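# Report on the structure
Listed here are the chains, written in short residue letters.
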Amino acid sequence: MAYDASFRVWRGNTNGGELTNYKVSVNEGEVVLDIIHRLQQTQTPDLAVRWNCKAGKCGSCSAEVNGKPALLCMTRMNTFTEDETVTVTPLRTFPVIKDLVTDVSFNYQKAREIPSFTPPEGLKPGEYRMQQVDVERSQEFRKCIECFLCQDVCHVIRDHEDNKPAFSGPRFFIRQAELDMHPLDTASRKRDAQEKHGIGLCNITKCCTEVCPEHIKITDNAIIPMKERVADAKYDPLRWLGAKIRGRQPGDVE
């Protein structure tokens, strides 16, 4: 059943902005992205919003709805009452470009800092062999759609801008965990995770897991196991001694 909803949408750019009030019609079965598009069509054609698939698979339409990071295309209007004001704002952790569009290039910079899959020397494509259990262990992490909601909600970078150079964030901790779990990867992921990507700054509040639209158990299945392996490699005295005897640094892959 159609009704008129109250919306507050952040309008502005890098120089600042403010929340603007709108009254807009809502039809049965619609999502917040539908309403944003209706605003563009009927009231404010210059409203900027990033989107692509409208199916919850591209991660483009990330924003904050009533203060919670969410995909606009997956936030259904029937989760709000008809007299409730719906507030839509850009991702708070990243610089605003215009309206609901933010500059998320920080994440691509961090992605480039992680060494790619490194197979054993001399092993050619087509010669890789893995047990199914190893495939399944890291398959969950490959569901990531890079919406960066986990990055947005992580208070280590959300509330502390100065942490960004030293902290990659949950999206890239699951990437490191995925590669570290790969039986054919030979790169030193554990030492890098702590010394270059700041996994020690994560205090496992699980806020990243709570907002993940793909329901990846980021904290329990990636970050905590990775932190445990980092601690084992760096502080276990027997592993430390074994690494020294073999001429490796503590934290190197065995």
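Further up the page is the structure itself.
Quick notes on the rules
- Residues numbered from 1 in each chain as written.
- Predicted model: local features only at pLDDT ≥ 70, side-chain atom pairs only at ≥ 80, totals over all residues.
- Heavy atoms only, no water.
- Helix = DSSP H or I, 4+ residues; strand = E, 2+ residues; numbered from the N terminus.
- Buried < 20%, exposed > 50% of the residue type's maximum accessible area, 1.4 Å probe, protein only.
- Contact = heavy atoms within 4.5 Å.
- Core = buried A, V, L, I, M, F, W, Y, C linked by side-chain atoms within 4.5 Å.
- Axes fitted to C-alpha atoms, helices over the stretch in contact; angles between N-to-C directions.
- Left-handed = near helix turned anticlockwise from the far one by under 90°.
- Phe/Tyr/Trp six-rings, centres within 6.5 Å; stacked < 30°, edge-to-face > 60°.
- Lys NZ or Arg CZ within 6 Å of the ring centre and 35° of its normal.
- Pairing = 2+ DSSP bridges.
- Salt bridge = Lys/Arg side-chain N within 4 Å of Asp/Glu carboxyl O.

### As for the overall build of the chain
- Each helix and strand in the chain was counted, giving ten helices and seven strands.
- For the chain, the C-alpha atoms occupy an extent of roughly 70 × 40 × 30 Å along the three principal directions.
- Buried residues in the chain amount to 48% of all 254 residues.
- A separation of at least 24 residues holds for 62% of the contacts in the chain among residues at least 6 apart in sequence.

### Overview of unusual backbone geometry
- One non-glycine residue, Phe148, lies in positive phi territory at about 65°.
- In this structure, Phe148 sits in the loop between helix 3 (132–139) and helix 4 (149–153).
- A relative accessible area of 3% places Phe148 in the buried class.
- Phi is positive for Lys206, close to 70°, though the residue is something other than glycine.
- Looking at the element boundaries, Lys206 is found in the loop between helix 7 (189–195) and helix 8 (207–211).

### Topic: the nonpolar core
- Ranked by size, the top nonpolar core spans 62 residues in total, and within it Phe7, Ile36, Leu72, Met77 and Val88 carry the most contacts.
- With residues up to four places along the chain from it excluded, the contact list for Val88 reads Phe7, Arg8, Val9, Trp10, Leu19, Val32, Ile36, Ala63, Glu64, Leu72 and Leu100.

### Regarding the packing of helix 6 (residues 170–181) against helix 9 (residues 218–235)
- It is the contact of helix 6 with helix 9, at a shortest axis distance of 9 Å, that shows an interaxial angle of 65°. The element helix 6 and its partner helix 9 pack so that their crossing is left-handed. Contacts from Pro170, Phe173, Ile174, Gln176, Ala177, Asp180 and Met181 in helix 6 reach Ile218, Asn221, Ala222, Ile223, Met226 and Arg229 in helix 9.

### Observations regarding the packing of aromatic side chains
- According to the stated counting rule, one finds four aromatic pairs in the structure shown.
- Arranged with centres 6.3 Å apart and planes meeting at 35°, the rings of Phe94 and Phe106 form a pair that is tilted. Linking Phe94 in the loop between strand 5 (85–89) and strand 6 (96–98) with Phe106 in helix 2 (residues 105–112), this pair joins segments that are twelve residues apart in sequence.
- Accessibility expressed as a relative area gives 11% for Phe106, which makes it buried.
- Taking 5.6 Å as the distance between ring centres and 90° as the angle between the ring planes, the aromatic pair formed by Tyr108 and Phe148 counts as edge-to-face. With a gap of 40 residues between them, Tyr108 in helix 2 and Phe148 in the loop between helix 3 and helix 4 connect regions that are remote in the sequence.
- Cation over ring: Lys164 sits above Phe106, and NZ or CZ is 5.5 Å from the ring centre.

### Thoughts on the pairing of strand 5
- A large share of strand 5 lies buried, amounting to four of its five residues.
- In this sheet, strand 5 lies alongside strand 1 (residues 3–13) in parallel orientation, the contact comprising four bridges. Bridge pairing links Val9 to Val88 in strand 5.
- Sheet topology places strand 3 (residues 62–65) next to strand 5; two bridges connect them, and they run antiparallel. The residue bridging Glu64 from the neighbouring strand is Thr89, located in strand 5.

### Re the pattern of salt bridges
- All chains considered together, the criterion is met by 20 salt bridges.
- The partner of Asp99 in a salt bridge is Arg11, with the nearest N and O atoms 3.1 Å apart. Here Arg11 lies in strand 1 and Asp99 lies in the loop between strand 6 and strand 7 (101–102), a separation of 88 residues in the sequence.
- You can call Asp99 buried: its relative accessible area is 2%.
- The class for Arg11 is buried, based on a relative accessible area of 15%.
- The residue Asp180 makes a salt bridge to Lys190 at a minimum N-O spacing of 3.3 Å. One end of the pair, Asp180, is in helix 6; the other, Lys190, is in helix 7, and ten residues separate them in sequence. Residues Asp180 and Lys190 agree in their burial class; the two are buried.
- Residues joined in a network through salt bridges with shared partners are Arg11, Asp46, Lys98 and Asp99.

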